[in-house]
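For reference, the chains in residue letters:
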Amino acid sequence: MQQYVPYGEDEDDDDDDVPDTQSGVGIFFAPNERSQTVVESLVKSGSAARSGAIEIGDILVKARGVLCEKLPMDRIRSLIIGPIGTFVVLAFRRQARDGSVVYYDVELVRGPGRYIDLMERNLELAQERDLLSTRSATQQIRIESMRVELDALRSNPRSRADEERIRELEEMLQARDAAVRRTEAMHDQLVRRLQEAERGTKELQDKMALLEEDLGRSRARERDRL
């Protein structure tokens, strides 16, 4: 019988037993004849599939350091499912075609597809921002070096070659200044996009926190009625 460690909020992967603030990593497990927990399928938008490390047929060995052999599926679910945005380490065993056995660990983020998309987009934008910052700093260093050379030549031109070099440096400086302005404009635009993406992530996190509070109050009311 196929068992599912639920992924979260994707339309085709909903699990009513999992609170909206909790999620798995997008793996369908099924026990084999040896009571081992085998990967039967992966949710394509889940972090397990995105990792590229896990394959169909791999055997779950550990979850959060706990040996999973012969554990009931409910226990395995409780080890893997957790708050959205947190990480869980799973250990797997794989039988290679040559008969050798490979063991590997993989750290996966819990969360629905749209949350992981936001995280990945935030990371991409931050990397682009840092790259542009580095490029701008490098350009500024080169410009400063050229200005030092230009000032020295202007203060004491000694030959026709010096005059030609002065004109060359002036043209290069104009081009470099324009390149810096373009880089800075791109950097500012990326910063704004990153801020918008971070706001989107924060709004989703706030929504999850409110849902968790509502769930806690509902559970408290249920306990009061008992």
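Just so it is clear, the model here is predicted, and its values are computed rather than measured. (Residues numbered from 1 in each chain as written. Predicted model: local features only at pLDDT ≥ 70, side-chain atom pairs only at ≥ 80, totals over all residues. Heavy atoms only, no water.)

Enquirer: Honestly, the packing of aromatic side chains in this entry has me stumped. Any pointers?
Expert: What characterises a pair of aromatic rings is the spacing of the ring centres plus the angle enclosed by the ring planes. Within this structure, the stated rule accounts for one aromatic pair. Centroid distance phenylalanine 92 to tyrosine 104: 5.5 Å. Interplanar angle 20°. Geometry classified as stacked. Residue phenylalanine 92 is located in strand E8 (residues 87–95), and its partner tyrosine 104 is located in strand E9 (residues 101–109); the two are separated by twelve residues in the primary sequence. For the pair phenylalanine 92 and tyrosine 104, one class covers both residues: buried. (Phe/Tyr/Trp six-rings, centres within 6.5 Å; stacked < 30°, edge-to-face > 60°. Helix = DSSP H or I, 4+ residues; strand = E, 2+ residues; numbered from the N terminus. Buried < 20%, exposed > 50% of the residue type's maximum accessible area, 1.4 Å probe, protein only.)

Enquirer: Would you mind going over the side chain of threonine 183 with me for this structure?
Expert: Summarising the element assignment, threonine 183 is placed in helix H4 (residues 160–225). Overall, the relative accessible area of 4% leaves threonine 183 in the buried class. Ignoring sequence-local partners within four residues, the contact set of threonine 183 consists of Leu132, Arg135, Ser136 and Gln139. (Contact = heavy atoms within 4.5 Å.)

Enquirer: When you look at the side chain of arginine 94 in this model, what are you seeing that I'm missing?
Expert: Examined against the element boundaries, arginine 94 turns out to sit in strand E8. Its relative accessible area of 19% is what places arginine 94 among the buried residues. A distance of 2.6 Å separates a polar side-chain atom of arginine 94 from the backbone oxygen of alanine 53. Separated by 2.8 Å, the side chains of arginine 94 and aspartate 58 make a polar contact. For arginine 94, the contacting residues outside a window of four places in its chain are Ala53, Ile54, Glu55, Asp58, Ser100, Val101, Val102 and Tyr104. (Polar contact = N/O pair within 3.5 Å; in protein donor to acceptor, adjacent residues only side chain to side chain.)

Enquirer: When you look at the environment of cysteine 68 in this model, what are you seeing that I'm missing?
Expert: You can see cysteine 68 is positioned in the loop between strand E6 (66–67) and helix H2 (73–80). Taking C-alpha positions, cysteine 68 is 9.6 Å from leucine 79, a pair spaced eleven residues apart along the chain. Leaving out residues up to four positions away in the same chain, cysteine 68 has contacts with Thr37, Leu60, Val61, Lys62, Ala63 and Ile76.

Enquirer: How should I be thinking about the environment of alanine 137 in this particular structure?
Expert: As for its position among the elements, alanine 137 is in helix H3 (residues 113–155). A C-alpha to C-alpha distance of 9.0 Å links alanine 137 and valine 180, two positions 43 residues apart in sequence.

Enquirer: Can you walk me through the confidence of the model for the chain in this structure?
Expert: Caution applies to low-pLDDT parts of the model: their predicted coordinates are not meant to be read in detail. On average, residues of the chain carry a pLDDT of 82, and 83% of them reach 70 or more. Highest mean pLDDT in the chain belongs to strand E5 (residues 59–63) (96); lowest belongs to strand E1 (residues 3–5) (49). Across residues 4–16, where pLDDT falls below 50, the model places 49 contacts with residues more than four positions away in sequence or in other chains. (pLDDT = per-residue confidence, 0-100.)

Enquirer: What am I meant to see in H2 here?
Expert: Every α-helix winds through 3.6 residues per turn, so residues three or four apart in the chain are directed the same way. Those residues of H2 lying buried are Met73, Ile76, Arg77, Leu79 and Ile80. One face of H2 carries all of its buried residues, which in axial projection span an arc of 160°. (Arc of directions from axis to C-beta.)

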